[in-house]
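Working through the structure, step by step
One letter stands for each residue in the lines below.
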Amino acid sequence: MTYPFSTFESKWQDRWRESAAFRADADPARPKYYLLEMFPYPSGRIHMGHVRNYTIGDVLARYRWRRGFNVLHPMGYDAFGQPAENAAIKRGVAPRAWTDSCIEQMEMELRRLGFSYDWSRRVATHTPEYYRWNQWIFLKMFEKGLCYRTHAPVNWCPSCQTTLANEEVIDGKCWRCQIPIERKELEQWFIKITAYAEELLKDLDQLTAWPERVRTMQKNWIGKSEGAEIWFWVQGSGEKIPVFTTRPDTIFGATYVVLAPEHPLVSKLIAGKPQAAQVRAFIEKVRRQSKEERLSEDRPKDGVFTGAYAINPVNQEPIPIWIGDYVLVEYGTGAIMAVPAHDQRDFLFSKAHDLPMRVVIQPPQGTVPLEDDASAWKQAYEEVGTLVSSKQFDDHPSDAAKKEIAAWMESQKMGRRTVQWRLRDWLISRQRYWGTPIPIVYCRSCGTVPVPENQLPVELPGEAPMTGEGGSPLAKVKAFVEIKCPKCQQPARRETDTMATFIDSSWYFLRYCSPRETKLPFRPEEADYWMPVDQYIGGVEHAILHLLYSRFFTKFLRDAGLTKTGEPFQRLLTQGMVLKDGAVMSKSRGNVVDPDELIQKYGADTVRGYVLFAAPPEDELEWNDKAIGGIERFLNRVWALSEKAKPVPASAAAGDLRRKIHRAIKRVTDDLESFKFNTALSALMELSNALQEQTESAAGFREGVETLVQLLYPFAPHLAEEAWQQLGHTDSLTRRTWPTFDPAALKTSEVTLIVQVNGKVRARLTAPADADKAVLEKMALADPNVQKWLNNQPLRQTVVIPNKLVNIVI
């Protein structure tokens, strides 16, 4: 029997909407549960990755409602961004019109899947009602000195024609279009996320319900390094080269200094020197290389001598200053002291350029060859040991010497103990139209002037000349650019860059708490009730970008007095991608599966069930066109059982059926708590199989079917609601209390014992569940059917498996 999904899925979607079944209001008398999936970019159509992500969230939300929680489960749209701008250029339409049409299409598809969202809380980040608060938060950060504008080398995507934050460069390529990035020197706006580096690192220890992989990725990206900043002075000059190192114990082994090609001191060092032309050519060559290429362990380290020397402060030795492609200006101080005997990168560079090496650490056993044997060295010695050739620190353990030498250099004004971070301030300027305007005005008299709060939002003009050929489109809109200074009322001009769209998603979860608030980004009392998000769901690709920025924003807004929460997401689930033919679905590969077509063919519940059953949520899901039929057949069986049970009067289950019912309740409940959706569905399939073996008149048949329908509800809510009604109930399952299992029902007093003679079944006996092997063997041998087959022949062996089997070998 095929269940008629086409007739009742829309019916229940309408009923849930009309009754505001999933509307959430703060209620201090009830426990809250804030469940959130990462909101989508409105590209026009949902894909199977969306379906999987949002189905996982919907199952958990429906389950939590029925466990008595006050569930906040909102949805919105991350609507600004370059894809909409590019689509608008391609189609000759306004980005706002394109985005709105995409949202309309996506929302229709999301509703067809029956997701339990509180649509009254919907947000879209491209509306002035939302992005005015991006601007408000920017101004609050500006007041605190956390937003600043400066000239800096930046990542530039030649395809997107805009700057990128470090976090948006993945393997040397733009995170969006995968085109290799270039480096440019531009004046841009930054947010000082580094002011929160220590707290962002320390508080990772609180996030015990996050995947360890994600916490490790953030820890490495923040990258705290304790060490010393050592000051090398340029010989014959007053210029100082600060060098950060985590190995001050090796300072006596430094034999040269290496600067990044972009280091601001390079031009001074080579001025008037014969090496100048060679150095400039090298700098130009390196400029065309990605950061990943420069840091790769698989390629030779390249460099060139500047012609200048630096003085090692601990021994006054002049050592050559080189520039090298493996030193990056944004890491540390953009300069390193090279200790080739004890650092493998320096060792390789030294071997390639015939530079001296000096041993200053000997291993606990044996010795490292001295300098005159360097040609035979295979690698640097980087382990702990005892210091040599290090003056008063000779014979000191190298680990202890790190602190000792750093303290001594600090006392001698040779440097200072310090901490360095891999994390860099967040570049937020984008040379695009479709984003939040930065609320800053430039005045010849007053300088950089923030837009007053009462003039927010600074709205995007309705039209701008968008060509995708570089430069901000806003700069070409005279009416937008030319204004009066808010301070002196003299002619001034607006900032024409827009904000990175990751600003929009860094606090949207707080806006959901009170999305219609007009005086603040959100009402603090509402945020105090709902936050933190109890369960957040999204892709692991956001481990550094979105998740790190969201943590930073939450901490800043806490310090601004708007929330008591310091961490936004208590528990994190990173679901795997949906693949087909072993690859991520994409139009170019021709392996896209259209959710709309599947819903029309199989119904929403079958599609939902398949993406839950096919793989654990953290794993990749390999799409199988044939396998979805298995879920369809299972749901058809459930529907047939509800039809069969409809006229049957209620009766209490007993014996084996009662045990199977309560075992299913326990298994499904436990599996939902631990996100094992595939095994939860397996438990439901087992219960449905057990019920199919029963007649309608069997005691507890109806109870079993009603339990099956209730447990199925989070996974296939449309069918469950319709089947529940078909069974004669008038209430909805949305708030019906979740079934509980009886521990006593799980205990088995009797079992069926299979008796074999020479491996063939000859009897089935009812035996006490606690009977030992001797009792079970005695029962088996006493059975008349078994005695007939034994026929008084001698026994060679008897194998007893308690509660299951006796095998008699004659």
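Rules of the game
- Residues numbered from 1 in each chain as written.
- Predicted model: local features only at pLDDT ≥ 70, side-chain atom pairs only at ≥ 80, totals over all residues.
- Heavy atoms only, no water.
- Helix = DSSP H or I, 4+ residues; strand = E, 2+ residues; numbered from the N terminus.
- Buried < 20%, exposed > 50% of the residue type's maximum accessible area, 1.4 Å probe, protein only.
- Contact = heavy atoms within 4.5 Å.
- Areas by Shrake-Rupley, 256 points an atom, 1.4 Å probe, with all protein chains shown as cover.
- Lys, Arg positive; Asp, Glu negative; His and termini not counted.
- Charge placed at Lys NZ, Arg CZ, Asp CG, Glu CD.
- Pairing = 2+ DSSP bridges.
- Expected span 1.5 Å × (residues − 1).
- Arc of directions from axis to C-beta.
- Salt bridge = Lys/Arg side-chain N within 4 Å of Asp/Glu carboxyl O.
- Core = buried A, V, L, I, M, F, W, Y, C linked by side-chain atoms within 4.5 Å.
- Axes fitted to C-alpha atoms, helices over the stretch in contact; angles between N-to-C directions.
- Phe/Tyr/Trp six-rings, centres within 6.5 Å; stacked < 30°, edge-to-face > 60°.
- Lys NZ or Arg CZ within 6 Å of the ring centre and 35° of its normal.

1. Focus on the overall build of the chain
- Scanning the chain for helices and strands turns up 26 helices and 34 strands.
- Dimensions of the chain, computed from C-alpha atoms along their principal axes, come out at roughly 110 × 80 × 50 Å.
- Across the 810 residues of the chain, 56% fall into the buried class.
- Considering only contacts in the chain between residues 6 or more positions apart, those separated by 24 or more positions represent 72%.
- Accessible area for the chain stands at about 34900 Å²; split by element, carbon and sulfur atoms hold 49% of it.
- Measuring between centres, the 104 positive side-chain charges of the chain sit 2 Å from its 101 negative side-chain charges.

2. Topic: the environment of Tyr512
- Note on placement: Tyr512 falls in the loop between helix H14 (508-511) and helix H15 (524-530).
- Under the relative-accessibility criterion, Tyr512 is labelled buried at 0%.
- With 391 residues separating them along the chain, Tyr512 and Arg121 place their C-alpha atoms 6.0 Å apart.
- Contact partners of Tyr512, with chain neighbours within four places excluded, come to Tyr34, Leu36, Phe39, Pro74, Met75, Gly76, Arg121 and Val123.

3. A short note on the pairing of strand S32 (residues 760-768)
- The pairing of strand S31 (residues 750-757) with S32 spans eight bridges and is antiparallel. Across the sheet, the residue bridging to Val757 is Lys760, located in S32.
- With antiparallel pairing between neighbouring strands as the criterion, S31 and S32 make up a hairpin whose turn holds two residues, including Asn758 at a positive phi of roughly 50°.

4. A short note on helix H12 (residues 398-411)
- The terminal C-alpha atoms of H12 lie 20 Å apart, and with 14 residues this matches the ideal 20 Å at 1.5 Å per residue to within 8%.
- Those residues of H12 that fall on the buried side of the exposure criterion are Ser398, Ala401, Ile405, Ala406, Trp408 and Met409. Buried residues of H12 fall within an arc of 165° about the axis and therefore sit on the same side.
- Against strand S10 (224-234), strand S16 (361-362), strand S17 (386-387) and strand S18 (415-421) lie the buried residues of H12.
- Residue Lys413 follows H12 closely and has a positive phi angle near 60°.

5. Examining the pattern of salt bridges
- Evaluation of the coordinates by the stated rule reveals 52 salt bridges.
- Close ionic contact of Asp14 with Arg17 constitutes a salt bridge, the shortest N to O distance being 3.0 Å. With Asp14 and Arg17 both in helix H1 (residues 5-18) and three residues apart, this pair spans about one turn of that helix.
- Note on Arg17: relative accessible area 46%, which makes it partly exposed.
- Ionic pairing is found between Lys285 and Asp302, a salt bridge with its closest N-O pair at 2.7 Å. With Lys285 in helix H9 (residues 276-287) and Asp302 in the loop between helix H10 (291-295) and strand S13 (303-312), this pair connects stretches of sequence that are 17 residues apart.
- In this structure Lys285 comes out as partly exposed when scored by relative accessible area, which is 34%.
- A residue is classified by how much of its surface remains accessible, and Asp302, at 24% relative accessible area, is partly exposed.

6. Some thoughts on the side chain of Lys301
- In this structure, Lys301 sits in the loop between H10 and S13.
- Each residue touching Lys301, except ones within four places of it in the same chain, is listed here: Arg294, Leu295, Ser296, Asp325, Tyr326, Arg345, Phe349, Ala352 and His353.

7. Re the sheet that holds strand S29 (residues 583-584)
- Within the open sheet, the three strands sit side by side as S29-S28-S30. Their pairing is mixed. A strand with exactly one partner marks an edge of an open sheet, and here the two such strands are S29 and strand S30 (621-622).
- Relative to S30, strand S28 (residues 578-580) runs parallel, the two being bridged by two bridges. Residue pairing for S30: Leu579 is matched across the bridge by Glu622.

8. Points about the side chain of Arg215
- With respect to the helices, strands and loops of the structure, Arg215 is situated in helix H7 (residues 212-222).
- Arg215 gets classed as buried once you look at its relative accessible area, which sits at 17%.
- Setting aside anything within four residues of it in sequence, one finds Arg215 in contact with Leu204, Asp205, Leu207, Thr208 and Trp210.

9. Details of the nonpolar core
- Among the nonpolar cores identified, the biggest contains 179 residues, and Tyr34, Met48, Trp426, Trp623 and Phe715 are the most heavily contacted of them.
- A total of nine residues in this core trace back to one element, the largest contributor, which is helix H2 (residues 48-66).
- Those residues in contact with Trp623 that sit more than four places away from it in its chain are Met48, Leu579, Lys580, Met585, Val593, Leu598, Tyr610, Val611 and Ile628.
- Core analysis: the next-biggest nonpolar cluster, separate from the first, contains 47 residues, Ile241, Ile251, Phe282 and Phe393 among them.

10. Some details on the sheet that holds strand S34 (residues 805-809)
- Spatial strand order, S32-S31-S34-S33: four strands in an open sheet with mixed pairing. Looking along the sheet, the strands with just one partner apiece sit at the ends: S32 and strand S33 (797-801). Put simply, the sheet's adjacent strands are angled 15° from each other on average, direction ignored.
- Lying over the sheet, helix H25 (residues 773-782) contacts S31, S32, S33 and S34, oriented at roughly 125° with respect to S32.

11. Some words on the packing of aromatic side chains
- Following the criterion strictly, the structure yields 36 aromatic pairs and no others.
- Members of the aromatic cluster, each reached through a chain of ring pairs, are Phe39, Tyr508, Phe509, Tyr512, Tyr536 and Phe569.
- When the ring centre of Trp65 is taken as origin, the NZ or CZ atom of Arg735, which lies over that ring, is 3.6 Å away.

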